[in-house]
Amino acid sequence: MTEEYGIPAWMKKATPYVYLRLSSEYQAKGDAGKPLDKQSWSMDQLEAIKSFLKANGMKPPKEANIFRDLASGGTMDRAGLQSLIEAVMTHKGRSYVAVVEPSRFGRNSTLAFEQLAPLYRKDIPLLSTDDALVSGTLKEPRTNAHLLFTIRMGVSEVE
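K.L.:
Looking at this model, I keep getting lost on the pattern of salt bridges. Mind explaining?
P.N.:
Once their charged atoms are close, side chains differing in charge can pair, the charge on each being opposite to the other. Counted by the stated rule, this structure contains seven salt bridges. The residue K34 makes a salt bridge to D31 at a minimum N-O spacing of 3.1 Å. For D31, a relative accessible area of 8% puts it in the buried group. Three or more residues joined by partner-sharing salt bridges are found here, namely E101, R104, D131 and R152.

Structure representation (structure tokens):
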């Protein structure tokens, strides 16, 4: 039986992929025009994820496995997200995708889960580091965690 909450032991050895997103250049403030990996929002989100992974005995992400977008969460047509999904789907071995919180995937839970469904089917969970929430997958369902992911995305839709 799958544990509903907590970090599964296998994730400590798995390959982490990271997705970072900010909604608009306006939010980037003084960083607008800089490469995404040099913008403070990107560095802050990445540092939060790396700190969580380290505190939980998990591997740090390789730079090649970090994907960024400066784009609205209302659209799913984002280059970084598409590249992330392609990269993690072709990875050999166990992996997962980490974000600081679920709304980074999207501000429309229906479209976000539709976009992320291939990961679910390939048993690649999503990790929200703000609350240590790990989504379920086809072979390792976590129905309560899935509901919480949906609620977290849904709340962000109304903001």
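K.L.:
Explanation requested: the sheet that holds strand 1 (residues 15-22) in the structure shown.
P.N.:
Through backbone hydrogen bonds, the strands of a sheet pair up, either in parallel or in antiparallel fashion. Taken in spatial order, the five strands make up an open sheet running 2-1-3-4-5, and their pairing is mixed. With partners counted over all chains shown, the strands left at the sheet margins are strand 2 (66-70) and strand 5 (133-134), one partner each. Sheet topology places strand 1 next to strand 3 (residues 95-99); four bridges connect them, and they run parallel. When the sheet's bridge partners are listed, V18 is paired in strand 3 with A98. Sheet strands in contact with helix 3 (residues 79-90) are strand 1, strand 2 and strand 3, and its direction is about 160 degrees off that of strand 2.

K.L.:
Just checking my understanding: could you explain the packing of aromatic side chains for this structure?
P.N.:
The relation between two aromatic rings is expressed through the spacing of the ring centres and the mutual angle of the planes. This model, assessed by the stated rule, comprises one aromatic pair. Arranged with centres 6.2 Å apart and planes meeting at 5 degrees, the rings of Y19 and F105 form a pair that is stacked. In this pair, Y19 is assigned in strand 1 and F105 in the loop between strand 3 and helix 4 (109-121), connecting sequence segments 86 residues apart. For Y19, a relative accessible area of 0% puts it in the buried group. For F105, a relative accessible area of 1% translates into the label buried. Over the face of the ring belonging to W10 we find R94, whose NZ or CZ atom lies 3.5 Å from the ring centre.

K.L.:
Quick question: what am I supposed to make of the side chain of R68 here?
P.N.:
Here R68 lies in strand 2. Taking relative accessible area as the criterion, R68 reaches 14% and is therefore assigned buried. Engagement of the side chain of R68 in a polar contact is seen with the side chain of S42, the distance being 2.7 Å. In terms of polar contacts, R68 uses its side chain to reach the side chain of E63, at 3.4 Å. Those residues in contact with R68 that lie beyond four places of it in its chain are L20, L36, D37, W41, S42, L46, E63 and G80.

K.L.:
Would you mind going over the environment of Q39 with me for this structure?
P.N.:
Mapped onto the secondary structure, Q39 falls in the loop between helix 1 (25-28) and helix 2 (40-55). Separated by ten residues in the primary sequence, Q39 and K29 place their C-alpha atoms 9.5 Å from one another. Of the polar contacts made by the side chain of Q39, one reaches the backbone oxygen of K34; its length is 2.8 Å. Within polar-contact distance, the side chain of Q39 engages the side chain of W41 at 2.6 Å.

K.L.:
Got a minute to help me understand the packing of helix 3 against helix 4 in this structure?
P.N.:
Pairs of packed helices are described in terms of their axes, by the angle between the two and the distance that separates them. Running from amino to carboxyl end, helix 3 crosses helix 4 at an angle of 10 degrees, the nearest separation of the two axes being 10 Å. Relative to helix 4, the element helix 3 is oriented roughly parallel. Of the two possible hands of crossing, helix 3 and helix 4 adopt the one that is left-handed. Residues L81, Q82, I85, V88 and M89 of helix 3 lie in contact with helix 4, whose contacting residues are Q115, L116, P118 and L119. Taken together, the residues of the contact of helix 3 with helix 4 break down into seven nonpolar, two polar and no charged.

Reading the values: rules and limits
Residues numbered from 1 in each chain as written. Predicted model: local features only at pLDDT ≥ 70, side-chain atom pairs only at ≥ 80, totals over all residues. Heavy atoms only, no water. Salt bridge = Lys/Arg side-chain N within 4 Å of Asp/Glu carboxyl O. Buried < 20%, exposed > 50% of the residue type's maximum accessible area, 1.4 Å probe, protein only. Pairing = 2+ DSSP bridges. Helix = DSSP H or I, 4+ residues; strand = E, 2+ residues; numbered from the N terminus. Contact = heavy atoms within 4.5 Å. Axes fitted to C-alpha atoms, helices over the stretch in contact; angles between N-to-C directions. Phe/Tyr/Trp six-rings, centres within 6.5 Å; stacked < 30°, edge-to-face > 60°. Lys NZ or Arg CZ within 6 Å of the ring centre and 35° of its normal. Polar contact = N/O pair within 3.5 Å; in protein donor to acceptor, adjacent residues only side chain to side chain. Parallel < 35°, antiparallel > 145°, perpendicular 65-115°, else oblique. Left-handed = near helix turned anticlockwise from the far one by under 90°. Nonpolar A, V, L, I, M, F, W, Y, C, P; charged D, E, K, R; others polar.

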